[in-house]
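Residue-level listing of the chains:
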Amino acid sequence: MARMKGRLFDRSRYVKKYSYVRAPKNLSYIGDKNLEMEAIRVSFNNESSKEVKFELPFNGIDYNVSLTTRQTASESEDSASVSLSIDPNGRDESGFTIRASAPFTGQVDVLVVRMSNTV
């Protein structure tokens, strides 16, 4: 499991502006590791597997993936009651394959995170 130390700070609070309206938050990340993150929404249409491609390829396959099914309003009540997993053979720098326990129709929210020491 990867660990990192980091914090978010508001860059707008360090600017010398004396206005009546506070500037919106401008959050920045400062940490001891490089953090790469991508959020993707994948749509299934009566399918049991789906290939996901990243916008930009990662530098390695040591990324972590979080999968969450989303119930759509127009579908039946049990359409998102499936178990999802990542196919270990279909995993590379440019994407991966999601396997479902049964064919279903709905959406899956995917969060991919990679922490590394190199920039």
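Relevant structure appears above.
In this report, we go over the structure that sits alongside the text. Given the structure is predicted, the values throughout are model-derived calculations rather than measurements.

On to the packing of aromatic side chains, then. The geometry of an aromatic ring pair is captured by the separation of the ring centres together with the interplanar angle, meaning the angle of the planes. Overall, the coordinates contain six aromatic pairs when judged by the stated rule. When the centroid spacing of 4.8 Å and the interplanar angle of 25° are considered together, the rings of F44 and F104 count as stacked. On the criterion of sequence distance, the pair formed by F44 in strand 3 (residues 34-53) and F104 in strand 6 (residues 95-116) is long-range, its members being 60 residues apart. Note on accessibility: F44 and F104 belong to one class, buried. With a centroid separation of 4.8 Å and 90° between ring planes, the pair formed by F54 and F58 is classed as edge-to-face. Looking at R91, its charged tip hangs above the ring of Y63, at a distance of 4.4 Å from the centre.

Rules behind the numbers
- Residues numbered from 1 in each chain as written.
- Predicted model: local features only at pLDDT ≥ 70, side-chain atom pairs only at ≥ 80, totals over all residues.
- Heavy atoms only, no water.
- Phe/Tyr/Trp six-rings, centres within 6.5 Å; stacked < 30°, edge-to-face > 60°.
- Helix = DSSP H or I, 4+ residues; strand = E, 2+ residues; numbered from the N terminus.
- Buried < 20%, exposed > 50% of the residue type's maximum accessible area, 1.4 Å probe, protein only.
- Lys NZ or Arg CZ within 6 Å of the ring centre and 35° of its normal.

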